[in-house]
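Here's the letter readout for the chains.
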Amino acid sequence: MCVTGPWGFARGLVRLYLETPSTAPCAAILVFLKQEEFSFASAAAPAKSSACMQALRLWTLLATYAVAVGQNQGQKNQECPKLNAQMPEFQKKTVHIKDPGRVEEIICGLIKGGAAKLQIITDFDMTLSRFSYNGKRCPTCHNIIDNSKLITEECRKKLLQLKETYYAIEIDPALTIEEKYPYMVEWYNKSHALLIEQGLQKDKFAEIVRESDVMLKEGYENFFDKLSEHNIPVFIFSAGIGDILEEVIHQAGVYHSNVKVVSNFMDFDENGILKGFKGELIHVYNKHDGALKNTEYFKQLKDNSNIILLGDSQGDLSMADGVANVEHILKIGYLNDKVDELLEKYMDSYDIVLVKDESLEVANSILQKIL
C-alpha cells in the first residue's frame, strides 16, 4: 500500500518550503522517493502500486516546479540591492538620498514586480534632455524655436525678456507653487501669442531641431531601447512644445511605439502655418490637472502599478496623480539650478535627487535590476 501518500508529502513539502524556500523542494523529493520506494516494495496489489506510481510521478512534477519557484524566489531576494554595495551608480557625488533604507525597499518592490507591473512617467525638458553641456546651457523645446531663424530678431528679444522675468519666478525658492502658478500662465500665454504672430511653418521644424544645440542625457539610447524591448509604457508629460519634443526623440531614433507624449501641441492651418495651440495649456505647475485628465490612459495600465517617475521641478511630482492603483513609486528628481537653496526641499519630496547630473545612469541601473 501507499504509506503516507501524496497528501503527506504535500504537507511536508509546504512545511519545508516555508522554512527553507530555496532548498526544501529538493530535500522533500529525496525524502518522498525514499519513502515511496520502501512502500512499493511491500505493495500487495499491482493496482494499488500503479496508483502510488502515478501519485509519485504527479508529486515529483509538482516538487520539480517548486524547485524552480524556490530558485527564482531566492534569486529575486538576492537581487534586492544594497545601494552602495551593489549599485555603484549610487556612489556618485551627484546622488543625494534622504532615506536610503526606504529607497532600497521601493527598488526591491519594483524588482519583484518585474516588467509586467512597471510603467515610466517622465518630464522631458532638463529631465530627459540635458540642462547644459561643457558649461553651456542646452535649449528647451521652447528655446529651440526662440533661437531659430524662423522668428524675427524683435520677437527673439521679447521672448528672451519674458524668460529673464519669469524663469526667476519659476525657480524662486521663497515662493510657493500656488504663488508661482499665475505667473507661469502669463509667461506661457505671452510666449505662445508671440509665436503665433510669427506664422511658423510646420515643415521647418525638423530643420531647426537638427540645427539646435538640444541634447538628450547620456545613456538615453539604453533607457529608451530597453523599455521598448520589454514593452514598458513610457508617458512623457511635458510643459514644452509637443511638436518639437516629438521631432527631437524621432531624430534621436527613440520614439518607439511604447512612448506616449502629452504636451502643448500646435494647431496649424491647411497650409501648415501655426494658428494656435490645441487643448488646455500645460505649464510646469499644473501637471496635477493634466494627470487627472489622462486617467483613461492610466486605466488601460491598471496592472502597471509600479512607477518610476522622473522630473526636474516640484510641479513634476504630481505627474502620477492620475494613477489610481499605485503599489510602488520611485521619484527621481534632477536639480539643475539654485542647488544650495533647493536641495533640502528636493530631498524632502524626491526619493533620489540628482544634482547637476547630465546622465540617465541611475535610472538605467535600476532598470537593469528590474528587467
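That block above? That's the structure.
Calculation rules
- Residues numbered from 1 in each chain as written.
- Predicted model: local features only at pLDDT ≥ 70, side-chain atom pairs only at ≥ 80, totals over all residues.
- Heavy atoms only, no water.
- Buried < 20%, exposed > 50% of the residue type's maximum accessible area, 1.4 Å probe, protein only.
- Helix = DSSP H or I, 4+ residues; strand = E, 2+ residues; numbered from the N terminus.
- Pairing = 2+ DSSP bridges.
- Salt bridge = Lys/Arg side-chain N within 4 Å of Asp/Glu carboxyl O.
- Axes fitted to C-alpha atoms, helices over the stretch in contact; angles between N-to-C directions.
- Parallel < 35°, antiparallel > 145°, perpendicular 65-115°, else oblique.
- Left-handed = near helix turned anticlockwise from the far one by under 90°.
- Contact = heavy atoms within 4.5 Å.
- Nonpolar A, V, L, I, M, F, W, Y, C, P; charged D, E, K, R; others polar.
- Polar contact = N/O pair within 3.5 Å; in protein donor to acceptor, adjacent residues only side chain to side chain.

Things to note about the pairing of strand β5 (residues 234-241)
Step number 1: Most of β5 sits out of view: eight of its eight residues are buried.
Step number 2: Here strand β2 (residues 118-122) pairs with β5 via three bridges, running parallel. Directly across from I120, in β5, lies its bridge partner V234.
Step number 3: As paired elements, β5 and strand β6 (residues 259-264) share five bridges and run parallel to each other. Residue pairing in the sheet places I236 in a bridge with V261 of β6.

Notes on the pattern of salt bridges
Step number 1: The full count for this structure, using the stated rule, is 16 salt bridges.
Step number 2: Here K92 makes a salt bridge to D357, at a shortest N to O gap of 3.2 Å. Residue K92 is located in the loop between α4 (83-86) and β1 (95-96), and its partner D357 is located in the loop between β11 (352-355) and α15 (361-370); the two are separated by 265 residues in the primary sequence.
Step number 3: In this structure, K149 and E211 form a salt bridge, with 3.7 Å as the shortest nitrogen-oxygen distance.

Topic: the packing of helix α7 (residues 153-170) against helix α8 (residues 177-197)
Step number 1: Contact geometry for α7 and α8: axes closest at 10 Å, N-to-C directions at 170°. Taken together, the axes of α7 and α8 lie roughly antiparallel to each other. Like other packed secondary-structure pairs, α7 and α8 cross with a definite hand, here left-handed. From α7, C155, K158, L159, L162, K163, Y166, Y167, I169 and E170 reach across to α8, where they touch K180, Y183, M184, E186, W187, K190, S191, L194 and L195.
Step number 2: Of the residues in the contact of α7 with α8, the class split is 11 nonpolar, one polar and six charged.

Points about helix α11 (residues 242-251)
Step number 1: With respect to burial, α11 is a largely interior element, seven of its 10 residues being buried.
Step number 2: The elements touched by buried residues of α11 are α6 (141-146), α9 (205-211), β5, β6 and β7 (266-268).
Step number 3: Two residues or fewer past α11, G253 is found with a positive phi of approximately 75°.

Observations regarding the environment of I370
Step number 1: Tracing the backbone through its elements, the reader meets I370 in helix α15.
Step number 2: Judged by relative accessible area, which is 6%, I370 ranks as buried.
Step number 3: In the structure, I370 is positioned 290 residues away from C80 in sequence and 9.7 Å away in space, judged by C-alpha atoms.
Step number 4: Contacts of I370, omitting those with residues within four sequence positions, involve L110, I111, G114, A115, L118 and I308.

Points about the side chain of N306
Step number 1: Looking at the secondary structure, you find N306 in strand β9 (residues 306-311).
Step number 2: When its relative accessible area of 1% is taken as the criterion, N306 is described as buried.
Step number 3: Here H328 takes part through its backbone nitrogen, which lies 3.3 Å from a polar atom of the side chain of N306.
Step number 4: Apart from the residues within four sequence positions on either side, N306 is in contact with G109, L110, G113, K117, L118, Q119, E327 and H328.

None of the figures reported here should be taken as evidence of function without further support.
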